[in-house]
Amino acid sequence: MTSVFLRFPNGKAKALTLSYDDGVEQDIRLLNIMNRHGLKGTFNLNSGLYAPEGTVYPADRIHRRMTMSKSTEVYLNSGHEVAVHTLTHPYLDRLPSDRVVYEVMKDRENLEKQFGVIVKGMAYPYGNTSDQAVEAIKSCGIVYARTTVSTNTFDIPTDWLRMPTTCYHRSPALRKLTTTFLKECADNRPYLFSLWGHSYDFDTNDSWHDIEVFAEQVGNRDDIWYATNMEIYEYVQDYNRLNFSVDGTLVQNPTGRTIWLFVNGKTLSVDPGKMIRIE
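Overview of the structure. Just so it is clear, the model here is predicted, and its values are computed rather than measured.

What counts, and at which threshold
Residues numbered from 1 in each chain as written. Predicted model: local features only at pLDDT ≥ 70, side-chain atom pairs only at ≥ 80, totals over all residues. Heavy atoms only, no water. Pairing = 2+ DSSP bridges. Helix = DSSP H or I, 4+ residues; strand = E, 2+ residues; numbered from the N terminus. Contact = heavy atoms within 4.5 Å. Buried < 20%, exposed > 50% of the residue type's maximum accessible area, 1.4 Å probe, protein only. Phe/Tyr/Trp six-rings, centres within 6.5 Å; stacked < 30°, edge-to-face > 60°. Lys NZ or Arg CZ within 6 Å of the ring centre and 35° of its normal. Right-handed = clockwise from strand over helix to strand, strands pointing away. Salt bridge = Lys/Arg side-chain N within 4 Å of Asp/Glu carboxyl O.

Relative to strand β14 (residues 266–270), strand β13 (residues 259–263) runs antiparallel, the two sharing five bridges. Bridging across to β14, Trp-260 finds its partner in Ser-269. A loop of two residues connects β13 with β14, the two strands running antiparallel in sequence, and Asn-264 in this loop sits at a positive phi of about 50 degrees.

Further remarks concern the environment of Gly-197. Mapping Gly-197 onto the fold places it in strand β9 (residues 191–197). Separated by 44 residues in sequence, Gly-197 and Arg-241 have C-alpha atoms that sit 32 Å apart. Once residues lying within four places of it in the same chain are set aside, the contact partners of Gly-197 are Ser-19, Tyr-20, Asp-21, Tyr-168 and His-169.

A separate point is the side chain of Thr-42. Here Thr-42 is to be found in strand β3 (residues 41–45). When sequence neighbours within four positions are dropped, the list of residues in contact with Thr-42 reads Leu-18, Ser-19, Tyr-20, Glu-81, Ala-83, Tyr-144, Thr-228 and Asn-229.

It is worth spelling out unusual backbone geometry at this point. With phi around 55 degrees, Asn-152 is a residue other than glycine that occupies positive phi space. Its location among the elements puts Asn-152 in the loop between β6 (144–150) and β7 (163–165). By relative accessible area, which is 40% here, Asn-152 ends up partly exposed. The backbone of Asn-264 shows a phi angle near 50 degrees, a positive value even though the residue is not glycine. Considering the arrangement of structural elements, one finds Asn-264 in the loop between β13 and β14. Judged by its relative accessible area of 33%, Asn-264 falls in the partly exposed class.

Right, let's get into the side chain of Asp-238. Within the element layout of this structure, Asp-238 appears in helix α8 (residues 229–239). Under the relative-accessibility criterion, Asp-238 is labelled buried at 12%. Here Asp-238 is in contact with Thr-255, Arg-257 and Ile-259, once residues within four sequence places are set aside.

A few words now on the packing of aromatic side chains. Applying the stated criterion across every chain, the model contains 15 aromatic pairs. Considering the side-chain rings of Tyr-75 and Phe-115, the 6.5 Å spacing of their centres and the 65 degrees angle between planes classify their relative orientation as edge-to-face. Residue Tyr-75 is found in helix α2 (residues 68–75), and its partner Phe-115 is found in helix α3 (residues 97–115); the two are separated by 40 residues along the sequence. Note on accessibility: Tyr-75 and Phe-115 belong to one class, buried. An angle of 85 degrees between the planes, with centres 5.3 Å apart, marks the rings of Phe-181 and Phe-193 as edge-to-face. Within this pair, whereas Phe-181 is found in helix α5 (residues 174–183), its partner Phe-193 is found in strand β9, the two being separated by 12 residues in sequence. Like Phe-181, the residue Phe-193 is buried in the burial classification. An aromatic cluster of at least three residues, connected via ring pairs, comprises Phe-154, Phe-181, Tyr-191, Phe-193 and Phe-214. A cation sits over an aromatic face here: Lys-14 above Phe-181, 5.6 Å from the ring centre. In this structure, Arg-94 packs its charged tip against the face of Tyr-91, placed 4.0 Å from the ring centre.

A word on the pairing of β3. Along β3, five of the five residues are buried, which leaves the element largely enclosed by surrounding structure. Of the strand pairs in this sheet, strand β2 (residues 14–21) and β3 are connected by four bridges, and their pairing is parallel. Across the sheet, the residue bridging to Ser-19 is Thr-42, located in β3. Taken together, β2, helix α1 (residues 26–36) and β3 constitute a β-α-β crossover, and its handedness is right-handed. In this structure, β3 lies alongside strand β4 (residues 81–84), joined through four bridges in parallel fashion. The partner of Asn-44 across the bridge, within β4, is Ala-83. Taken together, β3, α2 and β4 constitute a β-α-β crossover, and its handedness is right-handed.

Let us now look at the pattern of salt bridges. If charged atoms from side chains of opposite charge come close, those side chains can pair. Enumeration according to the criterion identifies 17 salt bridges in this entry. Close ionic contact of Asp-155 with Arg-189 constitutes a salt bridge, the shortest N to O distance being 3.0 Å. Taken together, the residues Asp-155 in the loop between β6 and β7 and Arg-189 in the loop between α5 and β9 connect sequence positions 34 residues apart. Here Asp-155 falls in the partly exposed class, since its relative accessible area comes to 45%. One salt bridge connects Glu-234 with Arg-257, and the closest N-O pair in it is separated by 4.0 Å. Highlighted residues: Glu-234 in helix α8 and Arg-257 in the loop between β12 (250–252) and β13, separated in sequence by 23 residues. Arg-257 sits in the partly exposed class, given a relative accessible area of 27%.

Structural data, given as C-alpha cells:
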C-alpha cells in the first residue's frame, strides 16, 4: 500500500454542503431550490429569537425571522440538519465561559425538544470565536462549529470546532470555485465544497438568480455526495477509525457504516465490522 485517500459514500470523490443562518422566512424559498436540485444543508437557528406567533412583517422588511411553529413546519423531517446558532446570537468571544455555555446549551436543549433530534452541530454567531469559547462549546457536547472563514479551497476540515468554509455565497470567487470543483479530478484527495450565507441576502441584493444558477450547476450529479455538515463530520470521523495492518495489506472497519477509500488507483469499500485485504 503506497497511498490511501478518503472516498465519500458510494466511492464519490466530491461532497457538497450548504450552511445557512438565523432561521429567516427566505429559507423557505431557498429550501425549495435546494430540494429541486438534490442539495442538502444545515440551518443554524436561534431558538431565543423566534418571532412571536402571528407576526406579520411590513412589506419592506428584509430580515424576517420565523415563528417557532413555522420553523417546525419548515425544517422538521425536511431531510436537512438543524444546528445551534446560540440562544440570542451574541459575540461569543466577548462572553465569559459560563455565558457561552448557557447560550449554547439552552439553544441546543430548545432545538432538541422542538425537533425531536439530538443536536451537536453549531455555527458561531458573526463567525467569531476564541480559545475560551471553543473550550466552552466543547463542554456542551458540540462536535463541530462552523466559522465564517473562507479558505477558497475544497479541503476537509482538520479543526472541526473552528470549521472553515470554502466561501461565502456572495464571494467574487464563487463562480471560479464552482467551475474548478466540477471540472477538476479529485483522484489524489477528496473535495469538499462548503458554502455558507444568509438567505435574506438574496432579497437584499436581488440575487436569487445567483443561487438558482449555482444549484443548477452543482445539483443532481452522480459524482457528488450531497450531505449536511453533521453527515460529513460523522463520515470523516468513521473513516479515521479504520484500522490498518502494519504492512498495509489489511484494513478493518470497526464502525457501523460502510466506508469507502481510494488505494493505489482503486476504489474500495469496507462493510461495517469487516476486514478486507488490499491488493
